[in-house]
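Structure at a glance
Spelled out, the chains give:
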Amino acid sequence: MEKLAHNLSEKIAEKLGYDQDKKEVIAYGLTAIFQMVGIFSIASFIGIVGGFWYESMVLFLAVGLFRKSTGGAHSSTFQGCIIISIFSISFFAFLSRYLFYVNVPPHVFFISVLSVIYIFSFLVVYKLAPVASPNKPIVRKEKIKKLKIKSLATVVFYYLISMIFIFCSQDNSHIRLIHISLSLACATLWQVFTLTKTGHKLIHIMDSKLT
Amino acid sequence: MKLNKNVLFAIVSSIATLFATVVSTSACFWYLYQPTEPKCLSDK
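Fair warning: this is a prediction, and the values are worked out from it, not measured in the lab. (Residues numbered from 1 in each chain as written. Chains lettered and ligands numbered in written order. Predicted model: local features only at pLDDT ≥ 70, side-chain atom pairs only at ≥ 80, totals over all residues. Heavy atoms only, no water.)

1. Focus: the overall build of chain A
Spelled out, the test is: Helix numbering and strand numbering both begin at the N terminus, where a helix is a DSSP run of H or I of at least 4 residues and a strand a DSSP run of E of at least 2. Summary of the burial criterion: residues with accessible area below 20% of their type's maximum are buried, those above 50% are exposed, and those between are partly exposed, where the area comes from a 1.4 Å probe applied to protein chains only. In short, Shrake-Rupley with a 1.4 Å probe defines the accessible areas, and a residue's cover is counted only from the protein chains shown.
Of the regular secondary structure elements, chain A holds 8 helices and 0 strands. Element order for chain A, N to C, with α for helix and β for strand: α-α-α-α-α-α-α-α. The 211 residues of chain A split such that 48% are buried. Carbon and sulfur atoms make up 70% of the accessible area of chain A, which amounts to about 10600 Å² in all.

2. Description of the interface of chain B and chain A
Selection criterion: Contacts are residue-level and defined by heavy atoms, with any inter-residue pair within 4.5 Å sufficient. In this description, buried area is defined as the sum, over both parts, of the accessible area (probe of 1.4 Å) that is lost when the two are combined. In what follows, salt bridge is the name for a side-chain nitrogen of Lys or Arg lying within 4 Å of a carboxyl oxygen of Asp or Glu. A 3.5 Å cut-off defines polar contacts: any pair of N or O atoms within that distance qualifies, except that in protein one atom must be a possible hydrogen donor and the other a possible acceptor, and neighbouring residues in sequence count only when both atoms are side-chain atoms. Ten residue types, Ala, Val, Leu, Ile, Met, Phe, Trp, Tyr, Cys and Pro, are classed as nonpolar, four, Asp, Glu, Lys and Arg, as charged, and the remainder, Gly among them, as polar.
Counting residues at the interface gives 32 residues for chain B and 52 residues for chain A. Taking both sides of the interface into account, the surface hidden between chain B and chain A amounts to around 4000 Å²; carbon and sulfur atoms contribute 68%. Counting the surface chain B buries against chain A, the share from its top three residues, W30, Y31 and L32 of chain B, is 25%. At the boundary of chain B with chain A, the tally comes to 0 salt bridges. Counting across the interface, chain B meets chain A through 3 residue pairs in polar contact (both at pLDDT 80 or more). Class assignment of the residues belonging to the side of chain B that touches chain A gives a composition of 20 nonpolar, 8 polar and 4 charged.

3. Notes on the packing of helix α2 (residues 20–50) of chain A against helix α3 (residues 53–70) of chain A
Angle between the axes and distance between the axes: these two values describe a pair of packed helices. All names here are of chain A. As a reminder of what qualifies: Only the stretch in contact is used when a helix axis is fitted, and all axes are lines through C-alpha atoms; the angle between N-to-C directions ranges over 0 to 180 degrees. We call two directions roughly parallel when the angle between them is under 35 degrees, roughly antiparallel when it is over 145, roughly perpendicular when it lies between 65 and 115, and oblique otherwise. Working rule for handedness: look at the near helix, and if it is turned counterclockwise from the far one by less than a right angle, call the crossing left-handed; if clockwise, right-handed.
Direction vectors running N to C along α2 and α3 enclose 155 degrees, while the axes themselves pass 8 Å from each other. If you check the angle between α2 and α3, you find them roughly antiparallel. Of the two possible hands of crossing, α2 and α3 adopt the one that is right-handed. Contacts from M36, I39, F40, A43, S44, G47 and I48 in α2 reach W53, S56, M57 and F60 in α3. Here the residues of the contact of α2 with α3 sort into 8 nonpolar, 3 polar and no charged.

4. Structural notes on the packing of aromatic side chains
Residue and element names in this part refer to chain A. Counted only if it meets this: Two rings belonging to Phe, Tyr or Trp (six-membered ring only in the last case) form a pair when the distance between their centres is within 6.5 Å. Interplanar angles under 30 degrees mark stacking, angles over 60 mark edge-to-face geometry, and anything in between is tilted. Two conditions define a charge located above a ring, namely a distance within 6 Å from the ring centre to NZ of Lys or CZ of Arg, and an angle within 35 degrees of the ring normal.
Under the definition given, this model contains 12 aromatic pairs over all chains. Relative to F91, the ring of F87 lies with its centre 5.8 Å away and its plane at 15 degrees, an arrangement referred to as stacked. Of the two residues, F87 and F91 both sit in helix α4 (residues 78–99), 4 residues apart, roughly one turn of that helix. Each ring, one from F94 and one from Y98, has its centre 5.4 Å from the other, and the planes form 55 degrees; the classification is tilted. Taken together, the residues F94 and Y98, both in helix α4 and 4 residues apart, mark about one turn of the helix. Using a relative accessible area of 35% as the deciding quantity, one classes F94 as partly exposed. Three or more aromatic residues joined by ring pairs form one cluster here, namely F87, F91, F92, W190 and F193. Positioned over the ring face of Y18 is K22, at 5.3 Å from the centre of the ring. A cation sits over an aromatic face here: K148 above Y126, 5.7 Å from the ring centre.

Structural data, given as structure tokens:
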């Protein structure tokens, strides 16, 4: 896919008379688009087949948006990224939809558990975010500060959304909202995990098995 | 036909550039893969 992006950018640059810098920017942008579309398509397909499409989409969007300000562990190849991303989205979506539901008054149990998850996430993000990659170093202090604030705001925002969904499902008429709020918590927890050294080690191990 | 192809390439190039610019202001790509950032977009 990355090769396709580079070949396409090569063709576009040749036809439109762009220089090397512009060609690299187009290749970079196309790789981003292909990655997003690839993960979205496959995660959607698995979600539809497995009956957890809503949860998959919440995870896809929540992790993606959160990651843009926090950074985190990376796979060394495009294919490794796609596989690990699809696996993590589908795994957590499946758990949120079918296994995490407990038959107790939701506003007691879930609020407690989710509050612990989000407080933990907030602390980890405060300590570690943003986590740069060697291919995209972040050196400017203003940018680091801005990304950290954005990351913390995202954790708070996700927590508020989760709580609203939990309260809206108090009479058990909207159980799916609980599944979705669980997906949001899983997305936050997973992304926060990829900020840690253990998260980096796990991604590296998974990556080495795939490449 | 040639004009249409160039218009299509220009549209694709604009969209790709927009995505590249958005990514460059973020900490990383959308998910787990981060290719080398072009020098003209780098943070340095």
